[in-house]
Amino acid sequence: METAMQTERNDTIAAIATPPGSGGIGIVRISGPRAKEVLARMFLPLSAMVENFTPWHLHRGRVIDWNGEALDDALAVFMPGPRTFTGEDVAEIQSHGGAFLVQAVLESAIRCGARQADRGEFSRRAFINGRLDLSQAEAVAELIAAPSREALRYGFNRLDGLLGQRTVELRDELEMLRAQMCLAVDFPDEEVEGMDPAALCEVLDGVILAVRRLLAGSRRAQIAQQGALVVLAGGVNAGKSSLLNALLGRERALVTDIPGTTRDFLEETCFFDGLPVRLTDTAGLRETAETVEQMGVNRSREKLSQADLVVLVLDGAKLGEEGAAADTCPDPAACEVLEALGDAPLLVVWNKCDICMPKVFPPRWIGTRTCCAVSALSDTYVEELAATLRAELLGGSADSAPEDGLAPNARQSLALENALKELDGLRADVVAGQPYDCCAVRLDMAASYLGEVTGLSSPAEVLNSIFAQFCIGK
């Protein structure tokens with residue numbers, strides 16, 4: 001943290017805060033100790049009553065360039081620190097949104113004493129000045145790039161500080177354990193109250209469980225931010241292509257009664273209540289001597305391992321009542337999928353329910369997996385299937401429910417995974433009777449990894465890498 005602060009320049013920066021191109025409004029943001037001075041040199045209020053900029057009030061006036069020539073009739077606001085986004089004095093000019101005009105306003109700000117901001121420099125200054133922790137700063141960029149409502153929710157919760165607050169609480173518990181260990185090490189022969197191994201393990205178990213719950217939400221965050229890959233798999237003529245068309249709401253895949261029509265995978269993007277999903281139709285799984293079809297089958301098997309969720313489509317008309325009531329799977333393609341996936345996410349779909357809706361449902365041999373009945377041909381229960389697909393993709397881990405809305409991103413998840421490894425190792429050392437002074441090394445490492453989530457223990461090069469991904473003006 002200290003290293004990162006030493007790299008910051010205590011000057012005044014400016015940048016365009018609105019997207020590139022033309023629009024109704026364009027905003028130039030200025031931040032730093034000379035923000036008010038720069039604003040006064042480039043903005044002339046229309047009202048003669050305004051001798052100084054009233055904080056947090058919009059003033060109408062003219063933006064002028066460095067030669068005193070008027071550029072636009074605009075609005076300006078001055079916001080004194082530290083209660084601003086960056087924690088510094090901030091000024092904003094809201095002009096008309098022509099691309100050339102906004103660039104001219106920015107150039108005027110630079111000529112009047114500001115410097116062009118670097119990528120992510122406003123957010124970095126907010127982090128350095130304690131207005132945001134690192135997880136909140138990352139959430140700013142994630143909110144801007146959010147492709148779905150779920151991504152917005154997770155990003156806003158991180159921006160609100162919920163994830164940072166939770167990791168700080170867990171780190172504080174580890175600091176308490178550190179103090180107890182120090183007592184036991186520094187005063188071994190004194191009657192000082194220390195924590196025995198059983199009590200220490202009890203606290204560790206609570207922290208470990210909390211970290212696991214945070215990590216359980218990482219898959220949901222990745223899917224919400226990047227979208228999910230859903231693969232339709234099953235035997236030939238099970239109705240995979242028909243189901244793809246039904247979910248897309250249009251005829252995208254060719255559908256015939258000829259077995260093996262789909263020779264290669266077909267991928268289309270759609271949204272399930274705001275959640276981006278890449279739907280992939282694959283060739284039916286079967287043994288075939290036809291070379292091209294076999295190549296498609298091989299690609300289908302490859303796609304199974306890449307999917308965030310596999311939808312196993314069953315031919316209900318072919319399986320019938322007996323197939324549903326059987327104790328073992330009678331469908332060779334379904335058997336292959338079930339065996340290949342193991343415990344990986346899977347949703348079973350009993351297609352052609354308009355022809356056969358079995359009394360024994362779901363089929364006995366699918367076990368505890370989620371099963372839906374649909375008719376892709378007549379669109380029966382397709383909307384319900386889409387809702388189930390969305391719920392399965394955003395569902396938590398089976399053995400540990402994610403904490404509500406606390407879904408860490410990839411960097412934060414890596415830090416939490418590293419912390420979890422150290423905590424598991426620490427608990428094993430305590431149970432094995434290792435001396436507390438040796439155990440403290442793992443405790444320090446776990447606390448350091450938790451600190452990386454909020455940036456408390458992140459080196460300058462990590463911060464540089466993170467903020468370099470931000471847009472200029474944010």
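Remember, it's a predicted structure, so these values are computed and weren't measured experimentally.

1. Some remarks on the nonpolar core
- Ranked by size, the top nonpolar core spans 32 residues in total, and within it L174, M181, V211 and L423 carry the most contacts.
- Secondary-structure elements contributing two or more residues to this core are α7 (162-186), α8 (197-216), α15 (410-431) and α16 (436-454).
- Looking at which element gives the most residues to this core, the answer is α8, with ten residues.
- Membership of the second largest hydrophobic core comes to 29 residues, among which are V230, L243, L244 and F272.

2. Concerning the sheet that holds strand β3 (residues 43-45)
- Spatial ordering of the open sheet is given by β3-β4-β5-β6-β2-β1-β7, a layout of seven strands whose pairing is mixed. Every interior strand has two partners, whereas the edge strands, β3 and β7 (115-116), have only one.
- Running over the sheet, helix α3 (residues 99-111) touches β1 (13-16), β2 (23-31), β4 (59-64), β5 (70-79), β6 (90-97) and β7 and is turned about 155° from β6.

3. Quick notes on the state of the cysteines
- Throughout the structure, instances matching the rule amount to zero disulfides.
- Unpaired in this structure, C372 has its nearest cysteine sulfur neighbour in C371, at a distance of 6.6 Å.
- The exposure class of C372 is buried, given its relative accessible area of 12%.

4. Notes on the sheet that holds strand β10 (residues 275-281)
- In space, the six strands of this open sheet follow the order β9-β10-β8-β11-β12-β13, with mixed pairing throughout. Bordering the open sheet on either side are β9 (266-272) and β13 (371-373), each of which pairs with just one other strand. Pairs of neighbouring strands in the sheet enclose a mean axial angle of 25°, with direction left out of account.
- Note: strand β11 (residues 309-315) against strand β12 (residues 346-351), six bridges, orientation parallel. Within β12, the position partnered with L312 by the bridge is V348.
- Of the strands in this sheet, β8 (228-234), β9, β10, β11 and β12 touch helix α10 (residues 240-248), which is tilted by about 155° from β10.

5. Describing the pattern of salt bridges
- Scanning the model with the defined rule gives 22 salt bridges in all.
- Ionic pairing is found between R125 and E88, a salt bridge with its closest N-O pair at 3.1 Å. In this pair, R125 is assigned in helix α4 (residues 121-128) and E88 in the loop between β5 and β6, connecting sequence segments 37 residues apart. Grouping residues by exposure puts R125 and E88 together as buried.
- Between E107 and R111 there is a salt bridge, with the nearest N and O atoms lying 3.8 Å from each other. With E107 and R111 both in helix α3, this residue pair falls four residues apart, about one helical turn.

6. Overview of the pairing of β5
- Direction of pairing for β4 relative to β5: antiparallel, over a ladder of six bridges. The residue bridging R60 from the neighbouring strand is L75, located in β5.
- In this structure, the hairpin formed by β4 and β5 is closed by a connection of five residues, where G68 is found at a positive phi of approximately 85°.
- In this sheet, β6 lies alongside β5 in antiparallel orientation, the contact comprising five bridges. Opposite V77, over in β6, you have E92 as the bridge partner.

7. Thoughts on the environment of V168
- Note on placement: V168 falls in helix α7.
- Of the residues examined, V168 reaches a relative accessible area of 38% and is grouped as partly exposed.
- Residues V168 and L450, spaced 282 residues apart in sequence, show a C-alpha to C-alpha distance of 7.6 Å.

8. Observations regarding unusual backbone geometry
- Here the amide bond leading from G81 into P82 is cis, since omega sits at 5°, within 30 degrees of zero.
- Residue P362 is bonded to the preceding F361 through a cis peptide linkage, with omega at 0°.
- Its location among the elements puts P362 in the loop between β12 and β13.
- Positive phi values are uncommon outside glycine, yet N237 reaches one of about 60°.
- Here N237 shows up in the loop between β8 and α10.
- Of note in the backbone geometry, K352 takes a positive phi value of approximately 65° without being a glycine.

9. Focus: the pairing of β9
- Relative to β10, β9 is paired through seven bridges, and the arrangement is antiparallel. Residue pairing in the sheet places L266 in a bridge with D281 of β10.
- Linkage of β9 to β10, two consecutive antiparallel strands, is achieved through a turn of two residues, within which D273 is found at a positive phi near 50°.

10. Notes on the confidence of the model for the protein chain
- Within the protein chain, residue pLDDT values average 81, and 82% of them lie at 70 or more.
- Low pLDDT, under 50, characterises residues 1-7; the stretch is placed with twelve contacts to residues that sit more than four places away or in other chains.
- Of the regions scoring below 50 in pLDDT, residues 396-402 engages in eleven contacts with residues more than four places distant in sequence or in other chains.

11. Points about the packing of helix α6 (residues 149-159) against helix α9 (residues 218-226)
- Packing of α6 against α9 brings their axes to within 8 Å, and their N-to-C directions diverge by 120°. Considering their axes alone, α6 and α9 lie oblique with respect to each other. Every pair of crossing elements has a handedness; the one defined by α6 and α9 is left-handed. In this structure, α6 contributes E150, A151, Y154 and R158 to the contact, and α9 contributes R220, A221, A224 and Q225.
- Each residue belonging to the contact of α6 with α9 can be placed in one class, and the counts come to four nonpolar, one polar and three charged.

Parameters and conventions
- Residue indices begin from 1 for each chain and proceed along its sequence in written order.
- The predicted nature of this model means local features are confined to residues of pLDDT at least 70 and side-chain atom pairs, given and counted, to a pLDDT of 80 or more, with totals for whole chains, interfaces and linings taken over all residues.
- Side-chain figures throughout are based on the complete set of non-hydrogen atoms in the structure, without hydrogens or water.
- Think of a nonpolar core as a cluster: buried Ala, Val, Leu, Ile, Met, Phe, Trp, Tyr and Cys residues, connected wherever their side-chain atoms sit within 4.5 Å.
- The buried label applies to any residue whose accessible area, calculated with a 1.4 Å probe on protein chains only, is under 20% of its type's maximum; exposed applies above 50%, and partly exposed to all values in between.
- Each helix is a run of DSSP H or I of at least 4 residues and each strand a run of E of at least 2, with the numbering of both proceeding from the N terminus.
- Pairing between two strands is assigned when DSSP locates at least 2 bridges connecting them.
- Contacts between residues were defined by any pair of non-hydrogen atoms, one from each residue, lying within 4.5 Å.
- Between N-to-C directions, angles cover 0 to 180 degrees, with each direction set by a line fitted to C-alpha atoms, over the stretch in contact for helices.
- Note on disulfides: each one is a pair of cysteine sulfur atoms within 2.5 Å.
- Between Lys or Arg on one side and Asp or Glu on the other, a salt bridge is scored when a side-chain nitrogen of the former is within 4 Å of a carboxyl oxygen of the latter.
- Within a predicted model, pLDDT stands for the predictor's per-residue confidence, ranging from 0 to 100.
- Under this scheme an angle from 65 to 115 degrees is roughly perpendicular, one under 35 degrees roughly parallel, and one over 145 degrees roughly antiparallel; angles in between are oblique.
- Here a crossing is taken to be left-handed if its near helix is turned anticlockwise relative to the far helix by less than a right angle, and right-handed if that turn runs clockwise.
- Classes in brief: Ala, Val, Leu, Ile, Met, Phe, Trp, Tyr, Cys and Pro nonpolar; Asp, Glu, Lys and Arg charged; the others, Gly included, polar.

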